[in-house]
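Here is how the chains run, residue by residue.
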Amino acid sequence: MKKSDRFYPVITLTVYYGEKPWDGPTSLHEMLDIPKELEPFVNDYKILLVEARRNNLMLHNLENIDLFNLFEIALDKNIPRKEAKKKAIQYCEEHKTDKSVIMTFAGAINMQLDYNTLNKGDGTMYSLFEELAKDSKAEGIIEICLDCGLSDDTILEKLQQKLNISLQQAQEYLNTFAKQSI
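Description of the structure in this document. (Residues numbered from 1 in each chain as written. Predicted model: local features only at pLDDT ≥ 70, side-chain atom pairs only at ≥ 80, totals over all residues. Heavy atoms only, no water.)

Things to note about the overall build of the protein chain
When its secondary structure is counted, the protein chain shows 7 helices and 2 strands. The helix and strand sequence of the protein chain, counted from the amino end, reads β-α-β-α-α-α-α-α-α. Long-range pairs, those at least 24 residues apart, make up 49% of the contacts in the protein chain between residues at least 6 apart in sequence. Approximately 13,000 Å² of the protein chain is accessible, and the part contributed by carbon and sulfur atoms is 52%. (Helix = DSSP H or I, 4+ residues; strand = E, 2+ residues; numbered from the N terminus. Contact = heavy atoms within 4.5 Å. Areas by Shrake-Rupley, 256 points an atom, 1.4 Å probe, with all protein chains shown as cover.)

Printed below as a string of structure tokens:
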């Protein structure tokens with residue numbers, strides 16, 4: 001390496017999209033149990049944290065603006081879920097939100113999404129958020145059933161009955177959400 005050589009910086013940014021405000025550490029020192037006398041010798045790397053539900057970013061890319069606005073709507077606990085869904089649908093229709101943004105949003109909040117839904121034209125956003133609501137219900141049913149010690153077969157039956165879905169869809173939900181509950 002020469003004295004005149006320069007590196008390109010690497011910036012690590014953490015995007016937190018949880019429903020509750022971030023209450024975790026925001027630096028390496030906060031994560032470690034360091035004796036006071038050693039603190040000056042341990043670099044304190046800061047976490048560049050962006051809370052999706054509320055941030056003060058100056059975004060210039062329209063897709064990023066749409067993504068964070070959708071997060072803000074979906075994660076707002078001050079409005080009922082049904083109203084949030086309507087607001088998000090209205091936002092996407094008014095802003096002609098790109099499909100890639102919708103897919104990123106769906107993935108970030110762990111929503112199973114049928115990619116064909118995006119090609120249906122009218123009602124796309126409604127279908128998307130209906131699916132989001134169904135995912136939430138499925139996750140709740142699975143969590144309660146697991147807490148009660150019910151078998152996978154019984155859970156699959158409950159999912160099919162309560163959500164009016166196929167056995168295959170019920171199995172997909174069970175595979176996704178049972179792992180998260182363990």
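Next comes the rest of the write-up.
Brief notes about unusual backbone geometry
Backbone geometry at Lys96 places phi at a positive 45 degrees, although glycine is not the residue there. Looking at the element boundaries, Lys96 is found in the loop between α3 (81-95) and α4 (99-108). Even without glycine at this site, Asn164 takes up a positive phi of about 55 degrees. Among the structural elements, Asn164 can be located in the loop between α6 (152-163) and α7 (167-181). Exposure remark for Asn164: the relative accessible area of 69% places this residue in the exposed category. (Buried < 20%, exposed > 50% of the residue type's maximum accessible area, 1.4 Å probe, protein only.)

Observations concerning the pattern of salt bridges
A side chain of one charge can pair with a side chain of the opposite charge when the charged atoms of the two come close. For the structure shown, the criterion picks out 2 salt bridges. Across the pair Lys36 and Glu39 runs a salt bridge, and its minimum N-O distance is 3.5 Å. Judged by relative accessible area, Glu39 falls into the partly exposed class, the value being 26%. In this structure, Lys46 and Asp44 form a salt bridge, with 3.3 Å as the shortest nitrogen-oxygen distance. Accessibility expressed as a relative area gives 28% for Asp44, which makes it partly exposed. (Salt bridge = Lys/Arg side-chain N within 4 Å of Asp/Glu carboxyl O.)

Observations concerning the packing of aromatic side chains
For any two aromatic rings, the description comes down to two numbers: the centre-to-centre distance and the angle of the planes. Counted by the stated rule, this structure contains 3 aromatic pairs. Here Phe68 and Phe71 contribute two aromatic rings whose centre-to-centre distance is 6.1 Å and whose plane-to-plane angle is 65 degrees, an arrangement assigned as edge-to-face. Pair noted here: Phe68 and Phe71 are both in helix α2 (residues 62-74), with a separation of 3 residues, about one helical turn. (Phe/Tyr/Trp six-rings, centres within 6.5 Å; stacked < 30°, edge-to-face > 60°.)

Comments concerning the state of the cysteines
Scanning the model with the defined rule gives 0 disulfides in all. Free of any disulfide, Cys148 has its nearest neighbouring cysteine sulfur in Cys145, separated by 6.7 Å. (Disulfide = S-S within 2.5 Å.)

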